[in-house]
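Listed here are the chains, written in short residue letters.
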Amino acid sequence: MKNKINLYLIEYAINAILRQKAKSFFIVFVFTLLTFLLTSVFFITSSLKYELDATVDSLPQIIVQKIKAGRHYDIDEDVVDTLLGIEGVEDAVARVWGYYYFANAGVNFSVVGLNEYEKQYKNSFEKIVKKIELEKDDKSFMVVGRGVQKVMNKSYYKEYFNFIKPDGTLKKVNLGGVFDADTELESNDVIVMSKDSAREIFDMDEDKATDVVLKVANPKEVRTIVSKIKSIYPDTRIITSDDLKVSYQNIFDYKSGIFLALFIVSLFTFFIIIYDKSSGLSSEEKREIGILKAIGWRVDDVLKEKFYESFIISFFAYTLGVGLAFVFVYMFQAPLLQNIFVGYSQLKTDFELPFVFDFQTLFLVFFLSVPIYIGATIIPSWKVATLEADEVIR
Amino acid sequence: MIELKNITKIYEINKSDKVIALDDINLRIKEGELVVLKGASGSGKSTILSLIAALSKPTSGEVIVDTKKISKLPDNFASVYRRDNIGFIFQKYNLIPTLSVKENIILPLVPLNPDASDIQNKLDIVTNRFNISHKENAIVRNLSGGEQQRVAIARANINDPKIIIADEPTANLDEKLSLHFIEILRELKVLNKTIVVATHDPLFFGLDFVDREIEVHNGKIVV
Ligand SMILES: Nc1ncnc2c1ncn2[C@@H]1O[C@H](COP(=O)(O)OP(=O)(O)OP(=O)(O)O)[C@@H](O)[C@H]1O
Ligand SMILES: [Mg+2]
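Below or above, wherever it landed, is the structure these notes cover.

The rules behind these values
- Residues numbered from 1 in each chain as written.
- Chains lettered and ligands numbered in written order.
- Predicted model: local features only at pLDDT ≥ 70, side-chain atom pairs only at ≥ 80, totals over all residues.
- Heavy atoms only, no water.
- Near = heavy atom within 4 Å.
- Polar contact = N/O pair within 3.5 Å; in protein donor to acceptor, adjacent residues only side chain to side chain.
- Areas by Shrake-Rupley, 256 points an atom, 1.4 Å probe, with all protein chains shown as cover.
- Helix = DSSP H or I, 4+ residues; strand = E, 2+ residues; numbered from the N terminus.
- Nonpolar A, V, L, I, M, F, W, Y, C, P; charged D, E, K, R; others polar.
- Contact = heavy atoms within 4.5 Å.
- Buried area = accessible area lost by both parts, 1.4 Å probe.
- Salt bridge = Lys/Arg side-chain N within 4 Å of Asp/Glu carboxyl O.
- Pairing = 2+ DSSP bridges.
- Axes fitted to C-alpha atoms, helices over the stretch in contact; angles between N-to-C directions.
- Buried < 20%, exposed > 50% of the residue type's maximum accessible area, 1.4 Å probe, protein only.

### Side note on the site of ligand 1
- Taken together, 15 residues lie around ligand 1, and B:S41, B:G42, B:K45, B:S46 and B:T47 are the ones closest in.
- Around ligand 1 the close residues trace back to chains A and B.
- Interatomic distance of 2.5 Å between a side-chain N/O atom of B:S41 and an oxygen atom of ligand 1.
- Residue B:T47 places a side-chain N or O atom 2.5 Å away from an oxygen atom belonging to ligand 1.
- The fraction of the free accessible surface of ligand 1 (630 Å²) that becomes covered by protein chains is 75%.
- When contributions to the shell around ligand 1 are tallied by element, the ones reaching two or more residues are β2 (18-29) and α1 (45-52) of chain B.
- Ranked by residues supplied to the shell around ligand 1, first place goes to α1(B) with three residues.
- Residues of the shell around ligand 1, tallied by class, amount to four nonpolar, seven polar and four charged.

Shown next as structure tokens:
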């Protein structure tokens, strides 16, 4: 009997919540909004973090670009042979790629040219060239990311697309397939086609490439290899994946900084409410505690009731807020909020937030809200409950 | 069974302002006795009731109930003492206006976590005895003054306490309802409760079933 959960006390607590409809509604509203905001931000952050880590991992270790007058020029494709001769270089691939501006939608696509007979610098490209022939029967084919497909569909390009070459003539490329995205950030805006088609669209010479990417057997040798390349080709700029990581991370941290601020603001609002609550109970609330004491409730009976009351209302709001955040972020892809985070992507095509379930996030939001609210309810009640009952009800 | 020994109660409003509500009083009330405390407003009647119910502590002196020094009880024990021994009918009833009649009446039982059948039995007894069973599900706020008082009386009796305390029970009632309350008092007397009523309503004076009338004046008992 002593250990049985006291359903009457819980019923009383629920009644107490329902009796003060306006106040309870207000608390649930604010509480839900805050847990919703916090959880959404955390959900988006961990999704993007996951996304970025995956992107950064797939970056080439070394990129070699030709530089003239501080500007980036096409590089001779046969540089690859020399680079392969450097000790420690496992692989060197000349890339043909560039941005194609699609004026109808006002977005940039990344066009990547691949040669089916070469080694590919990315596993996902390897898969594509195995599956789809990029040149067949005198026709060119392309494989596009989902974002690209959507944009093209909107302009009624369902089976092919006419690229406008620099000289104003058209290059027709047929749609051969759609990407299975490895990570959303990188492949969403990508169009893969043959190197020849890509060169045609960008008006590049046959023996030229955009840049050369290297794979190094031992990551510790990157520095030595970089200085070797520099001595052989002084007219190059060499970018390592570590450099890229830093710049990616910088943009990302900057963005999460904004949100840290937002987070603090919401936390602040929350504390104002808490402060308001702890600064005193209404005279009815005090009287009620006094009455309960006068008819034989002990201090801990009162506090137990207040605990149930605040736990039920805050846990309800917490669950509601997390649930809404879940729907908002993963089902609706966080409209409005997402833009603030994904601003660094030049592409404005749709972008899927991958589902990353992070218990830490849920715990963090829980501990930032529920126990604080319970404490803020119980402490003033405890103050009143320990007064002489006679004083309170007089 | 109730004994007040050399009780003084001083309320300190602030450092310089003190009210001597009770001034070294002595009082004994026997088991089953019905005592009416009378006296002008501010004479100290309510203060005596509070002390007997352990709702407040004397500045000096002792309150002894059934050999227990209740004036020395720590807060939690004082609560349990009230729950088990005292049925207090407050002047302003002290009901929770937004709860139903039933919920108000069973309130003293809630911390005990009793079985539903136990609660129902006790509830049936008091609602029938004090004639409020037909309003069990009504919200207290919507009841008339007389009905609210019957709810307060039912709540005071739900634990079948030995001691019933009533503070100005007829202050908010018309004469008809006041006479009705006096009948309830007679019934409680028959149930052999020890009863202390504080009032200045002349209807209580000279009643045949009242054992003693005690006059309080300026914090002292008039002999
Ligand atoms: N909490 C308190 N703080 C300060 N003074 C108090 C307090 N409670 C009672 N008093 C004072 O103590 C004195 C006795 O009060 P008490 O309520 O016992 O009188 P009473 O006989 O019940 O009066 P009434 O007939 O008006 O109810 C009064 O002067 C009152 O103002
Ligand atoms: Mg009084």
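### Overview of the interface of chain A and chain B
- Counting residues at the interface gives 32 residues for chain A, matched by 34 residues for chain B.
- For the chain A and chain B pair, buried surface summed over both sides reaches about 2,700 Å², with 54% attributable to carbon and sulfur atoms.
- Counting across the chain A and chain B interface gives one salt bridge.
- Among the ionic pairs, B:D75 bridges to A:K293, the shortest N-O distance being 3.1 Å.

### A look at the sheet that holds strand β4 (residues 60-65) of chain B
Residues and elements named next belong to chain B.
- What the four strands build is an open sheet, ordered β2-β1-β4-β5; its pairing is antiparallel. Strands at the two margins of the open sheet, each flanked by one partner only, are β2 and β5 (68-69).
- Pairing of β4 with β5, which is carried by two bridges, proceeds in the antiparallel orientation. From the neighbouring strand, V65 faces β5, where its bridge partner is K68.
- This element, α1, spans β1 (2-12), β2 and β4 of the sheet and lies at about 60° to β2.

### Here we look at the sheet that holds strand β7 (residues 163-167) of chain B
Residue and element names in this part refer to chain B.
- Strand order in the open sheet made by the six strands is β6-β7-β8-β3-β9-β10, with mixed pairing throughout. Each having just a single partner strand, β6 (86-89) and β10 (220-222) make up the two edges of the open sheet. Taken pair by pair, the neighbouring strands of this sheet meet at an average axis angle of 25°, ignoring direction.
- Pairing of strand β9 (residues 212-217) with β10 involves three bridges; the strand directions are antiparallel. Of the residues in β10, the one forming a bridge with H217 is K220.
- Sheet strands touched by α1: β3 (34-38), β6, β7, β8 (194-198) and β9. Its angle to β7, the strand with the most contacts, is close to 155°.
- Each of β3, β7 and β8 is contacted by helix α6 (residues 175-190), which is oriented at about 155° to β8, the strand it contacts most.

### Observations concerning the pattern of salt bridges
All names here are of chain A.
- Within this structure, the stated rule accounts for 29 salt bridges over all chains.
- For the salt bridge of R199 with E77, the shortest nitrogen-to-oxygen distance reads 3.1 Å. Separated by 122 residues along the polypeptide, R199 in helix α7 (residues 195-202) and E77 in the loop between β3 (75-76) and α3 (79-84) bring together distant segments of the chain.
- Since its relative accessible area comes to 7%, R199 is described here as buried.
- Close ionic contact of D196 with R199 constitutes a salt bridge, the shortest N to O distance being 3.9 Å.

### Some points on the pairing of strand β13 (residues 236-240) of chain A
All names here are of chain A.
- Within β13, four of the five residues are buried, which leaves it mostly tucked inside the rest of the structure.
- Pairing geometry for strand β1 (residues 62-68) and β13, over five bridges, is antiparallel. Bridged to I62 within β13 is T240.

### Some words on the pairing of β3(B)
All names here are of chain B.
- Counting buried residues along β3, five of its five residues qualify, which places the element largely inside the surrounding structure.
- Every second residue of β3 is oriented toward a common face, with L34, V36 and K38 on one face and V35 and L37 on the other, all of them buried.
- Bridge count between β3 and β8: four bridges; the pairing is parallel. Counterpart to V36 in the pairing with β8 is V197.

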